[in-house]
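What follows is the residue order along each chain.
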Amino acid sequence: ANRYVFQGQLSYDNTFGGNHNVSATLVSELKSYNKKYAYLKREYSFFTNDIVDFASGLQTNAGNELEGAHASYVGRVNYDFRGKYMLGYSFRYDGSFEYTPEKRWAFFPAMSAGWRISEEKFMKNKLPFISNLKLRGSYGMIGEAVGEPFQYVLGFTSNPNQGAEFTNGSFVGGLVAPGVINPNFTWVKSEIADVGIDGSLLNNLISFEFDYYQRYKSGMLKVREGGLPNTFGGDMPIENITSELTRGFDMMLAFQNNRNAFKYGISGNLNL
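Residues numbered from 1 in each chain as written. Predicted model: local features only at pLDDT ≥ 70, side-chain atom pairs only at ≥ 80, totals over all residues. Heavy atoms only, no water.

Looking only at helices and strands, the chain has 1 helix and 12 strands in total. Going from N to C terminus, the chain has its helices and strands arranged as β-β-β-β-β-α-β-β-β-β-β-β-β. Burial statistics for the chain: of 272 residues in total, 20% are counted as buried. Of the roughly 18,800 Å² of accessible surface on the chain, 56% is carried by carbon and sulfur atoms. (Helix = DSSP H or I, 4+ residues; strand = E, 2+ residues; numbered from the N terminus. Buried < 20%, exposed > 50% of the residue type's maximum accessible area, 1.4 Å probe, protein only. Areas by Shrake-Rupley, 256 points an atom, 1.4 Å probe, with all protein chains shown as cover.)

This is the structure:
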């Protein structure tokens, strides 16, 4: 088996005017693999011979060859002003060999924003017991390359168990026609949104996190039920036709303290 992986990365980080912080990263990853597998087994009823065809007992063989390639281009840009106002943007541009060339590449963006309210003067002056308080939100898309490859290809496959008996006791395998193909088979996509608040009180003695999240997953795989008569002789293709929606809350509350060299704490999580 051979596997080739290429990775390249560019990074940038700078501060302008002492207040504006900018960082950026660009990553490229290319992967390909080729795997060949062969299996041969023979059993002799009386003696061992180094010629496979001389086997007087069981003789079996099998083999396959796998080949594939994936590519990803990833980018990220972050900006913050005095660590108080934060913006972020990232993306993935992914390609997979599983799909038809028109559906092979997909773009997945993501963005985020944050506000450290505890850095504002009115918070420091009027509510000094608040050590940290941050509001944040994010939205983005991710993709999954799932399913068997080349389901869009219209072609015959060989099958030794389906054929005809041309002469007595001599069975010849044949070719099997495909069922219904799906040229639109593509990525499974998820849209994820999150709104949250982080905070700590009394010089980080008490800390808490609260999140509301929603995930909408579309293009999930399913074989359509019905639609073809029993006499068709083929199968329906797998399609991106189902979806699911998940919503919930995540909460965390923690307490930590120390006495000289002794540190102790307790925390709890709740998901609804």
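On the surface, Phe6, Leu30, Tyr73, Tyr89, Tyr93, Trp105, Phe107, Met111 and Tyr139 cluster together into a nonpolar patch covering about 850 Å² of accessible area. Counting residues per element, the ones that place at least two in the nonpolar patch are β4 (85-96) and β5 (105-116). The biggest single contributor to the nonpolar patch is β5, with 3 residues. In this structure, Phe6 sits in strand β1 (residues 2-16). (Patch = residues over 30% accessible without salt bridge, like charges linked within 9 Å, V, L, I, M, F, W, Y side chains within 5 Å. Salt bridge = Lys/Arg side-chain N within 4 Å of Asp/Glu carboxyl O.)

Turning our eyes to something else, we now look at the side chain of Ser96. Relative to the helices and strands, Ser96 is located in strand β4. Classification of Ser96 by relative accessible area gives buried; the value is 1%. Within the structure, the side chain of Ser96 is placed 3.4 Å from the side chain of His70, a separation counted as a polar contact. (Polar contact = N/O pair within 3.5 Å; in protein donor to acceptor, adjacent residues only side chain to side chain.)

Our focus in this paragraph is unusual backbone geometry. Of note in the backbone geometry, Leu202 takes a positive phi value of approximately 55 degrees without being a glycine. Within the element layout of this structure, Leu202 appears in the loop between β9 (188-201) and β10 (206-223). In this structure Leu202 comes out as partly exposed when scored by relative accessible area, which is 46%. With phi around 70 degrees, Asn204 is a residue other than glycine that occupies positive phi space. Tracing the sequence through the fold places Asn204 in the loop between β9 and β10.

What the rule picks out here adds up to 14 aromatic pairs. For the pair Phe262 and Tyr264, a centre-to-centre distance of 5.6 Å together with 25 degrees between the ring planes defines the contact as stacked. Under the relative-accessibility criterion, Phe262 is labelled exposed at 53%. Judged by its relative accessible area of 32%, Tyr264 falls in the partly exposed class. (Phe/Tyr/Trp six-rings, centres within 6.5 Å; stacked < 30°, edge-to-face > 60°.)

Once that is clear, we can look at the pairing of β5. Relative to β5, β4 runs antiparallel, the two sharing 11 bridges. Following the sheet pairing, Arg92 is matched in β5 by Phe108. Of the strand pairs in this sheet, β5 and strand β6 (residues 130-144) are connected by 7 bridges, and their pairing is antiparallel. For Arg116, the partnering residue across the bridge sits in β6 and is Lys134. (Pairing = 2+ DSSP bridges.)

Glancing now at the pattern of salt bridges. Here the structure, examined in full by the defined rule, presents 10 salt bridges. A salt bridge links Asp198 to Arg136, with the shortest nitrogen-to-oxygen separation between them at 2.8 Å. With Asp198 in strand β9 and Arg136 in strand β6, this pair connects stretches of sequence that are 62 residues apart. For Asp198, a relative accessible area of 16% corresponds to the buried category. Using a relative accessible area of 21% as the deciding quantity, one classes Arg136 as partly exposed.

So, on to the side chain of Lys84. Along the polypeptide, Lys84 turns up in the loop between β3 (59-81) and β4. When sequence neighbours within four positions are dropped, the list of residues in contact with Lys84 reads Gly114, Trp115, Arg116, Glu119 and Glu120. (Contact = heavy atoms within 4.5 Å.)

As for its placement among the helices and strands, Ala69 is situated in strand β3. In sequence terms Ala69 and Phe97 are 28 residues apart; their C-alpha atoms lie 5.7 Å from each other. Setting aside anything within four residues of it in sequence, one finds Ala69 in contact with Lys31, Ser32, Gly95, Ser96 and Phe97.

Right, let's talk about the pairing of strand β11 (residues 238-259) for a bit. As judged from the 17 bridges shared by β10 and β11, these two strands associate in the antiparallel manner. Considered in β11, the bridge of Arg215 is made with Thr246. With 10 bridges connecting them, β11 and strand β12 (residues 262-271) associate as antiparallel partners. Across the sheet, Gln256 pairs through a bridge with Gly265, a residue of β12.

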